[in-house]
Amino acid sequence: MTSENPVVKRRSRQPVNWIWPLVAIALFVIGALNVVEYFDLRAQSYETIRQQEATDVIAEAYQFHRIIDRAERAAEKLAQAISDGRIPMESYNQALSDLVQSDELFYGGAIAFAPYAYKPQVELYAPYFAKKNDSLEFMQIEDSYDYTLPQHTWFAAAMNSGSRWSDPYFDDSLGDILMTTYSAVFYRDGPEGVKEAIGVVTIDISIDDIGHIVQALDYGSKGYAEVVTADGAYLFSPKKERVLEDESILSPARWNDDEGLQRLREHLLDGSSGVVEL
């Protein structure tokens, strides 16, 4: 190459992949991009392009984080108000209705109590509101099923492990949609002042709506994004079968035997953030 830097067009055969954890408890966005297909060495170096792509992807990841964070903050705010006793029991339904209607992203929401935690004479109590056909519909979840059973992870896993996003699941009670749920735990003072988890405030988001958000972001002309829970379950992927078939991004089979992909998987397992080049 001469000192005059003639135009050199060169194909980038190895993609550069980014991983950026968005929500500490539950969500990651993974973008895999071909950083540049052709570039002009007279204008800028490959390294400059690579660094700019990394900056752009991280910015888009934060944008997704800000959108999803609305659900977390709203659920946690109501859960804290219940924990503090700032909302009387007779106002729970109104507070929940207001919560669900406060953001167009929110599909539905519940206040679900552990057995006999609502009232000593009431085993289960879980009011639920959902948007359907331009209106707000109401139901008591306990009239449809026992939400405390282990398979209903939006309640059981949150009560055992703390506030979290659920794996995708199909709701056939009101919405008939594939969705994920953020569950914020609320508490009361137990024996000797120890906090005791007594229920969750939930916000449901449609998986299709998550897909619309991700697809609206700019991950580059060759880029894509996947959203997964902390347990590795897919919430969104351009390959929809990964969501529908309950695949895990942490499965070794997902990464084949490629050394670089295995390194990316290790970052996922560690919950670390940054840029991984393959």
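See the structure above.
Below you will find a few notes about this structure.

What counts, and at which threshold
Residues numbered from 1 in each chain as written. Predicted model: local features only at pLDDT ≥ 70, side-chain atom pairs only at ≥ 80, totals over all residues. Heavy atoms only, no water. Helix = DSSP H or I, 4+ residues; strand = E, 2+ residues; numbered from the N terminus. Contact = heavy atoms within 4.5 Å. Areas by Shrake-Rupley, 256 points an atom, 1.4 Å probe, with all protein chains shown as cover. Buried < 20%, exposed > 50% of the residue type's maximum accessible area, 1.4 Å probe, protein only. Phe/Tyr/Trp six-rings, centres within 6.5 Å; stacked < 30°, edge-to-face > 60°. Salt bridge = Lys/Arg side-chain N within 4 Å of Asp/Glu carboxyl O. Core = buried A, V, L, I, M, F, W, Y, C linked by side-chain atoms within 4.5 Å. 1 Å grid on protein atoms, 1.4 Å probe; cavity = no way out; pocket = protein on both sides within 12 Å on 5 of 7 lines; lining within 4 Å. Points joined across faces, edges and corners; volume = space filled by probe spheres on them. Nonpolar A, V, L, I, M, F, W, Y, C, P; charged D, E, K, R; others polar. Pairing = 2+ DSSP bridges.

## Considering the overall build of the protein
And then number 1: When helices and strands are counted, the protein shows six helices and twelve strands.
And then number 2: Restricting to contacts in the protein with at least 6 residues of sequence separation, those with at least 24 account for 54%.
And then number 3: Here the protein has roughly 14300 Å² of accessible surface; of this, 46% comes from carbon and sulfur atoms.

## Some points on helix α3 (residues 153-161)
And then number 1: Taken together, the buried positions of α3 are Trp-154, Phe-155, Ala-156, Ala-157 and Ala-158.
And then number 2: Lining the buried residues of α3 we find β3 (108-113), β6 (164-165), β7 (169-171), β8 (177-189) and β9 (195-206).
And then number 3: Positive backbone phi, at 105°, marks Gly-162, one or two positions downstream of α3.

## A word on the packing of aromatic side chains
And then number 1: Throughout the structure, instances matching the rule amount to ten aromatic pairs.
And then number 2: Put simply, the rings of Tyr-92, Phe-113, Tyr-118, Tyr-125 and Phe-186 touch in pairs and so form one group of aromatic residues.

## A look at the environment of Leu-217
And then number 1: Along the polypeptide, Leu-217 turns up in the loop between α4 (207-216) and β10 (225-228).
And then number 2: Considering only alpha carbons, one finds Leu-217 and Gln-63, 154 residues apart in sequence, at a separation of 8.2 Å.

## A few points about the pattern of salt bridges
And then number 1: Overall, the coordinates contain five salt bridges when judged by the stated rule.
And then number 2: The closest approach of N and O atoms between Asp-84 and Arg-86, which form a salt bridge, is 3.3 Å.
And then number 3: For Asp-84, a relative accessible area of 44% gives the class partly exposed.
And then number 4: Judged by its relative accessible area of 53%, Arg-86 falls in the exposed class.

## Focus: the nonpolar core
For soluble globular proteins, nonpolar side chains are generally found buried alongside one another.
And then number 1: Ranked by size, the top nonpolar core spans 62 residues in total, and within it Ile-111, Phe-113, Val-201 and Ile-210 carry the most contacts.
And then number 2: The element contributing the most residues to this core is helix α1 (residues 46-84), with ten residues.
And then number 3: Dropping the residues within four chain positions of it, Val-201 is found in contact with Ala-75, Leu-78, Ala-79, Ile-82, Leu-99, Ala-110, Ile-111, Tyr-182, Ser-183, Ala-184 and Phe-186.

## As for the layout of surface pockets
And then number 1: By volume, the largest pocket is sized at about 300 Å³.
And then number 2: In terms of lining residues, the largest pocket is bounded by 21 residues, among which Tyr-145, His-152, Trp-154, Tyr-169 and Asp-171 are the most central.
And then number 3: Secondary structure elements with two or more residues in the lining of the largest pocket: α3, β7, β8 and β9.
And then number 4: Counting residues per element, the lining of the largest pocket draws most heavily on β7, at three residues.
And then number 5: A breakdown of the residues in the lining of the largest pocket according to their chemical character gives ten nonpolar, seven polar and four charged.

## Focus on the pairing of β3
And then number 1: Burial analysis of β3 places six of its six residues in the buried class, the great majority of the element.
And then number 2: Here β3 shows no split at all, with Gly-108, Ala-110 and Ala-112 on one side and Gly-109, Ile-111 and Phe-113 on the other all buried.
And then number 3: Two elements, β3 and strand β4 (residues 127-132), share three bridges in a ladder whose sense is antiparallel. Note on β4: the bridge partner recorded for Gly-108 is Ala-130.
And then number 4: Across six bridges, the pairing between β3 and β9 is antiparallel. The partner of Ile-111 across the bridge, within β9, is Val-201.

## Digging into the side chain of Ser-166
And then number 1: Mapped onto the fold, Ser-166 is located in the loop between β6 and β7.
And then number 2: If we ignore the near neighbours within four places in the chain, the residues touching Ser-166 are Thr-153, Trp-154, Thr-180, Thr-181, Thr-229 and Leu-235.

## Brief notes about unusual backbone geometry
And then number 1: For Tyr-116, which is not glycine, the phi dihedral falls at a positive 65°.
And then number 2: Within the fold, Tyr-116 resides in the loop between β3 and β4.
And then number 3: A relative accessible area of 47% means that Tyr-116 is categorised as partly exposed.
And then number 4: Unusually for a residue other than glycine, Asp-134 sits at a positive phi of about 65°.
And then number 5: Residue classification places Asp-134 among the exposed residues on the basis of a relative accessible area of 87%.

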